[in-house]
Structure formats: structure tokens, C-alpha cells
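Listed below, chain by chain, are the residues.
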Amino acid sequence: MVRFFDYNLLTILISLICFGLVMLYSSSAYGALLRHGDSMHYFKRQLFFYAVGFVGMYVIAKIDYHIYIRWARQIYFLSIFAMALVKTPLGKEVNGARRWIRLPFDQQLQPAEIAKIAIILFIPVLICNLGKDIKSFKGIRQILAWGGVSAGCVLVLTENLSTAVIVMGITCIMIFVVHPKTKPFVALVGAGAVLLLAAVKVMSMTLKTSSNFRLRRILVWLNPEEHTAEGGFQVLQGLYAVGSGGFFGKGLGNSAQKMIIPEVQNDMILSIVCEELGVFGAIIVLVLFGMLLYRLMFIAQNAPDMYGSLIVTGIFAHMALQVVLNVAVVINLIPTTGITLPFISYGGTASVFIMAEMGIALGVSGKIK
């Protein structure tokens, strides 16, 4: 027997990171020069976070993933405790959102990212312990309860709806993968989509006087031109960037909208990719993500046991949900959510924890014979 290691996944990962660093510098240089007096401010910070992430990924890839079975529950409760710290004086507010914990040396930590990795490690333990009971309504309800508690804490403690949706989505996708029946899930998703569309239609006619910022986002999404002062400005400028790039774009570094879109290096960076590299550049990004998801699916299908398979399934679900939601926001298919694009957008905590997830996936691949 020969031990397997997924060098294809590692190659795709490095390609995405290199592409992301180039686009991060291109999109953030102007804003960084104005705010920090250094056009490479965000680039250098992201490079540092990826250096830390690579070290962490290498170490984690060497660990036998079965050890997480023993510590998954503790990591789950640790994530909730970390999110609770946001409500204490340790919490830090950035751009009107209180989602971070203060760290030494002027650093910060977003505990919602810990919740994602905690749910990826803990839900498979619960599913493996349930065995055949996962087919029953009681078993599904139990898994949903644990996932719902984590998602609820993300929403209430850090006021981060988008991450709460991802945490709950990871839980639901794992249940879908292990459950033998498909039709009930398809019917449930269909019914949910119809109810959601009906609710949006009703709310669009009744929420014009609402002061809730999440509900106002729906109005902005439906008609951004009329709400440029309330959040529609970023959406419109992002759409102008996407539309003005054409098929091959204006050329690397030649974006005009990056000087206008606020915090463009975060969740709207794909719009600059489309403006500078065109639809062709966006296709390259999506193909790389498609290859990344394919390698994760390959590892999940060939993992030596159910626990390893479900861990990588959770990582697959996280990557897929985050990419799809970010792309949908940029082209205004859904209201703005603040979800970043993995490996491309700027973000220290997110980058380090995503690299940790890749380390876990590579660790599982190393057990394939």
C-alpha cells in the first residue's frame, strides 16, 4: 500500500493564493496609500497571514485527524465562549460592526471563523455516534439543534447573519450527504425558495418605513438606484465595474472603480477582477475554485472512514457556500451580506482558518491508501 498525498489540491491552493495576492495589491493600493501612507499595507499584512497559515497548514496536515474526535466538543464550546467575548470590553468594533476580539500587538480575531471550523469537526462526530439513527427525524433534529445553537450564537453574539447562514448551511449539507433519501430535501428546498420569494415580495411593499438595517438591505437590493445613500452605492459601483470590464478587461491595475468602492479589498474584490481582467479573469477564478472543490470531493469520496469523509464534506460545503454567496452579492443576485471570497479577499482571521481547513483536508488525504 502507498500513502496518498493530494499535490493537486496543494497546487490549486498555491495558485489561488498567488492570484489573490496580485489582485489584492491591485485593488487596495490606492486606498492603502490614502489611509496608511503605504500602498502595500494590505498586501504585506495578507502575505504575513498566509505565511502563518502555511506553517499552520503544514503542522495540521501532519496530525492524525482522528484526534479531533476527542476534542471536537471542546472546540465547539470554545467557539461559543470566544464569540461571547465580543460582548465584553475585549470586543472591538470595525466599520460599525462589533465582531472582533482585541489581541496584543494591535491585532484582532474574528471568533465567528472559529465557529465554522468547530462545526466542521463536531457535527461529523455526532453523525458517526448516531449511526443509522441519522435516518430518523429524531436524529436529524438533534444534529440541526447543535448546528442551530452555533448559528444562533454567531447571529446574536457577533451580529453576523452571513456567517450564521454558512454555519447552518454546512450542518444541513452534511445531513443531506449522509441521509439515504433525496426527495424530502429537494421538496423542502423548493418550498423554502417559494416562501422566501413570497416574503421578499411582501416585504418590498411594506418595509419602506422600517429602520432595521437588515430589512433595509432588501429594499436596497431590489432597487439600488433609489437607495444609493443607504447602501446601494457600493452595489451600483460594483456592477459598473463588472459591466465596464468587457470580456478581457481594462488591464491589470487599470481599474477606476477601485478608487470609489468603499473597502473594495474585502467582499467586492471580484468586481475589480471583472473590471481589470474581464469575464475571462472571472472564469479563471471560478475554474480554480471548481478544481479546488473537485479535489475536496475526491478526498471525501476516498477517505478511509466516515469521520474523515464528513470532515472534508464540511470543508467542501464551507468553500462552496462562501464562493457562491460572494459571487451572488457582487452581481446583485442577493442582498449584500459581507461574505468574503476565499483566498482572494483581504482578511487575516479568515485566511489563517481557511488554511487550517486545507491542512485538515490534506491530513485526511494523507491517510488514503
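Everything discussed here concerns the structure shown above.
Heads up: these notes are all about the structure in this document. (Residues numbered from 1 in each chain as written. Predicted model: local features only at pLDDT ≥ 70, side-chain atom pairs only at ≥ 80, totals over all residues. Heavy atoms only, no water.)

Notes on the sheet that holds strand β3 (residues 107-109)
Strand order across the open sheet formed by 3 strands is β1-β2-β3, with antiparallel pairing between neighbours. The strands lining the two open edges of the sheet, one partner per strand, are β1 (91-94) and β3. Going across the sheet, the axis of each strand differs from the next one's by a mean of 55°, ignoring polarity. Across 4 bridges, β1 lies against strand β2 (residues 97-103) in antiparallel orientation. (Pairing = 2+ DSSP bridges. Helix = DSSP H or I, 4+ residues; strand = E, 2+ residues; numbered from the N terminus. Axes fitted to C-alpha atoms, helices over the stretch in contact; angles between N-to-C directions.)

Let's talk about the state of the cysteines
As enumerated under the stated definition, the model contains 0 disulfides in all. No disulfide involves Cys128; its nearest neighbouring cysteine sulfur is the one of Cys172, lying 18 Å away. With no disulfide of its own, Cys153 lies closest to Cys172 among cysteine sulfurs, the gap being 16 Å. Residue classification places Cys153 among the buried residues on the basis of a relative accessible area of 15%. (Disulfide = S-S within 2.5 Å. Buried < 20%, exposed > 50% of the residue type's maximum accessible area, 1.4 Å probe, protein only.)

Comments concerning the layout of surface pockets
Computed from the structure, the second largest pocket encloses a volume of approximately 1,300 Å³. Secondary-structure elements contributing two or more residues to the lining of the second largest pocket are α5 (137-158), α6 (161-178), α7 (183-206), α8 (213-222) and α11 (306-330). Residue contributions to the lining of the second largest pocket peak at 10 residues, all from α7. Grouping the amino acids of the lining of the second largest pocket by side-chain chemistry returns 27 nonpolar, 8 polar and 5 charged. (1 Å grid on protein atoms, 1.4 Å probe; cavity = no way out; pocket = protein on both sides within 12 Å on 5 of 7 lines; lining within 4 Å. Points joined across faces, edges and corners; volume = space filled by probe spheres on them. Nonpolar A, V, L, I, M, F, W, Y, C, P; charged D, E, K, R; others polar.)

Some thoughts on the pattern of salt bridges
Overall, the coordinates contain 7 salt bridges when judged by the stated rule. Here Lys87 makes a salt bridge to Glu159, at a shortest N to O gap of 3.5 Å. Taken together, the residues span a long stretch of sequence, with Lys87 in the loop between α3 (67-84) and β1 and Glu159 in the loop between α5 and α6 at a distance of 72 residues. By relative accessible area, Lys87 is classed as partly exposed at 45%. Of the residues examined, Glu159 reaches a relative accessible area of 40% and is grouped as partly exposed. When the shortest N-O distance is used, the salt bridge between Lys250 and Glu275 registers 2.9 Å. (Salt bridge = Lys/Arg side-chain N within 4 Å of Asp/Glu carboxyl O.)

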